[in-house]
Amino acid sequence: MQNHLKESVHLNKCKLPLSFVKNNGQEDQRAHFTTNFKGRRFFFSSDRITSVELEPIEEEVPEPDQPRNGVALELSFTNANTNLFPEGISQQEGYHHFFKGNDSLKWQNGVPHYKELKYKAVWQGVDLEISASDDGLKMNWLLDSPEHVSSLRLHWEGAESLEIDVTGNLLVHHALGTLTDLAPIAYQEIDGIVIPVNCAYQLYNDFDIGFELVGDYSSDAPLVIDPILLYSTYLGGADIQYGQSIAVDDQGHAYVVGYVNSTGFPVTPGAFQTTFSGNVDAYVTKFSPNGESLVYSTYLGGSGVDRGYSISLDDEYCAYVTGETRSINFPITPGAFQTTRGYMFVTKIAADGGSLIYSSFLGNSNTDIGYDIVVDPQGSAYVTGRTNSTVLPSTPGAFQTTLPNANSSGFITKVSPNGASLIYSTYLGGSLYDGCAGIVLDAQGHAYVTGTTQSTNFPITPGAYQTTFIDNAIIITKLAIDGSSLIYSTFLAGSGNDVGLNIDVDNLGHAFVTGYTSSSDFPVTPNAFQATKGTAVTTGYVSKLSPSGDSLIASTYLGGSLSSSCNDIKTDIQGHAYVTGQTQSADFPTTPDVFPSSLRGNSNAIISVFTADLTNLIVSYYLGGSNYDGGSAIDIGLDGAIYTTGTTNSMNFPATPGAYQTTLIGSEDAYVNKAAFAFYNQISLNVIKLV
């Protein structure tokens, strides 16, 4: 069972040691191991786990021994086997030393600590494994047969009440707040294949819970029960806020960019711009890893309309953002590559959110938009979008140095790390309308873009997957490292309206693209997860291109009987494809045995995870409330967590207790959601917290 503990009160910050310290006499003798998490102490005894939390204080306690209010919660194993003893697994390097009091005989030197704990045979055929992470404690119940599920009974001592909410989550209410644990996930591995089993909490009485298997399962195969927790929060003030893009650093901070049309958006003291400046301002917000507070939050704009569309991070936690500006006084820094009036912006924000490292205009047409940005390891920012600027600063030797049409062209611009010059900048288009919407880099520094074209003469390379233009087509283009030529460029289209919204590339060089299509003959591959579009006017799609761009490795529709769109995509090291977007379909493909959900409003956000060959969904579910919700962007943390952002006007959007903002404030608010699921190798359990 995975218990990530979320609080509805502010907690003292304390980094969780990724280990369990053995009790060699420095603690109460009833505890065999201890650990800390966010101001809470955990004690692991033979038949129970105890957590002790003190009431938060706003200032230092005058005397160290001054009493403070607190709460102790005990999770005990009811009718468990006797003589239980937690064992330390995987001893870690180094030791802990305890020098308490002036009696050296009571000092403890060289106390070992461990990565995991294991309780063997808590009940017959039931083991418990416990590990620690920055998100909390993770507890897996390992059953050698499903019939033993009836043995699992847990008692919460010290709680005021237990509650199972409408989504199956367990709420443990206590004097200082509420602990939330998501509905459990269970699975069996049979012949190397992981099979989900529908599992739910069962409330026996006021303070006792167990688990109930309510789906099909094999009575002859072992079972693992693994509840997973996420956080989910609104982000907004008065009127309307849009969440457009999200990025996650290696510490689990989520950074969100979007735009807001009024005052009252939550900004933090010391942020670069704490006042609303115009009709519409961009914003950049950095969340704490637990989603409970803001590290920084700032407006970004001038007196006109300014919208932030994309965000990316460098290794020093600086945020790079791009979008569109109609403000003549948009904040621009001296020495930037373009300080004269433009209609797109490229801005690098200091790690603390308090200043701009550089900020520059880009282009000179009032129809220009910077849609996406990505940063390489050297700190160079790559921007893509659409432009009508005749003076977009294209660079000598770039692939296309003149505006190819009078309507709109795609472009790719690479900015130097200091923001003072352009390394390369090129148009990308034909004789009619063209625009690029998404950009990604591979490990070698090639830029890949996707977008949409109406140009029959859009630059396509010989031998590419689809060289013939069909109506309104998606484009997928890979540029040379120096921007001087195209490695490959291809159409991807059926006979209807096809739109490319975003792109990612896996570690083998396969480009994954997503967006929406109205084509009933959109190119799909044999054994695709969804081979037909159905009756929807538009539906989402996910397509995977070969590294050379000459063939379609996999391609599938993703949608139901009403309109759907896939707005963003990311891949992990195993090649799984993660998408978010929105749907109006009550029959959108979901995985109810993994994460039960249903359409709650007229449009909900969706989160879907595909196998690498796009033949199966690992996880797919709705996210939203009873009104409108749409997913704009997705990212994957180093811990495997999935982070998404978008916009909602649902008063009952599923915000979690203790999250930064649990209620809708504006007519529409942005949201940030962190989700976690378990993915499994054929032999061993490999837990990946998604969100």
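If you're wondering where the values come from, they're calculated on a predicted model, not measured in any experiment.

**Student:** Report on unusual backbone geometry, specifying residues and quantitative values.
**Tutor:** Backbone geometry at N527 places phi at a positive 70°, although glycine is not the residue there. Considering the arrangement of structural elements, one finds N527 in the loop between β40 (511–517) and β41 (539–545). The backbone of L614 shows a phi angle near 60°, a positive value even though the residue is not glycine. For L614, a relative accessible area of 0% corresponds to the buried category.

**Student:** Let's hear about the packing of aromatic side chains: which residues, and what values?
**Tutor:** Applying the stated criterion to the full structure yields 26 aromatic pairs. Aromatic pair Y448 and Y488: ring centres 6.5 Å apart, planes at 70°, arrangement edge-to-face. Of this pair, Y448 sits in strand β36 (residues 447–453) while Y488 sits in strand β38 (residues 486–492), and the two are 40 residues apart along the sequence. By relative accessible area, Y448 is classed as buried at 1%. With a centroid separation of 5.8 Å and an interplanar angle of 75°, the aromatic rings of F529 and F610 are classed as edge-to-face. Residue F529 is located in the loop between β40 and β41, and its partner F610 is located in strand β45 (residues 604–610); the two are separated by 81 residues in the primary sequence. Using a relative accessible area of 28% as the deciding quantity, one classes F529 as partly exposed. The structure contains a cluster of three or more aromatic residues connected by ring pairs, namely F77, Y119, W123 and W141.

**Student:** Please provide a residue-by-residue account of the sheet that holds strand β31 (residues 369–375), values included.
**Tutor:** Read across the sheet, four strands follow the order β31-β32-β33-β34 without closing on themselves; strand pairing throughout is antiparallel. Each edge of the open sheet is held by one strand with a lone partner, namely β31 and β34 (422–428). Pairwise comparison of adjacent strand axes, ignoring direction, gives a mean angle of 15° for this sheet. Pairing of β31 with strand β32 (residues 381–387) involves six bridges; the strand directions are antiparallel.

**Student:** Describe in detail the nonpolar core, supporting the description with residues and values.
**Tutor:** F44, F77, I130, W141 and W156 are the most contacted members of the largest nonpolar core, which has 38 residues in total. When residues in this core are grouped by element, the largest group, five residues, is from strand β10 (residues 113–123). Setting aside its immediate chain neighbours within four residues, I130 contacts F20, F44, I49, E116, L117, Y119, K138 and M139. In terms of nonpolar packing, the next biggest core, distinct from the first, is built from 18 residues, L235, A254, V256 and L294 among them.

**Student:** Give a description of the sheet that holds strand β26 (residues 294–300) that names residues and reports values.
**Tutor:** Ordered by their spatial adjacency, four strands build an open sheet running β23-β24-β25-β26, and the pairing between neighbours is antiparallel. Of all the strands in the sheet, just β23 (241–248) and β26 have a single pairing partner and so form its edges. Averaged over neighbouring strand pairs, the angle between their axes works out to 15° when direction is ignored. Taken together, the six bridges between strand β25 (residues 281–287) and β26 define a ladder with antiparallel strand orientation. What sits directly across from Y283, in β26, is Y299.

So, how was this worked out
Sequence order sets the numbering: in each chain, residues are counted from 1 along the sequence as written. With pLDDT at 70 or above as the cut-off, local features in this predicted model cover only qualifying residues; side-chain atom pairs require 80 or more to be listed or tallied, and sums for whole chains, interfaces and linings still use all residues. Based on all heavy atoms of the structure, the side-chain values leave hydrogens and waters out of the count. Helical segments are the DSSP runs of H or I of at least four residues, strand segments are the runs of E of at least two, and each set is numbered from the N terminus. Here the term buried applies to any residue with accessible area under 20% of the maximum for its type, exposed to any over 50%, and partly exposed to those in between, with areas from a 1.4 Å probe on protein chains only. Put simply, two rings from Phe, Tyr or Trp (the six-membered ring, in Trp's case) pair if the centres are within 6.5 Å, and we call them stacked under 30 degrees between planes, edge-to-face over 60, tilted for the rest. Whether two strands pair depends on DSSP finding at least two bridges between them. The axes used here are C-alpha line fits, helices contributing only the stretch in contact, and every angle between their N-to-C directions lies in the interval 0 to 180 degrees. The set of buried Ala, Val, Leu, Ile, Met, Phe, Trp, Tyr and Cys residues whose side-chain atoms join them within 4.5 Å is what this entry labels a nonpolar core. Whether two residues are in contact is decided by their heavy atoms, any of which lying within 4.5 Å being enough.

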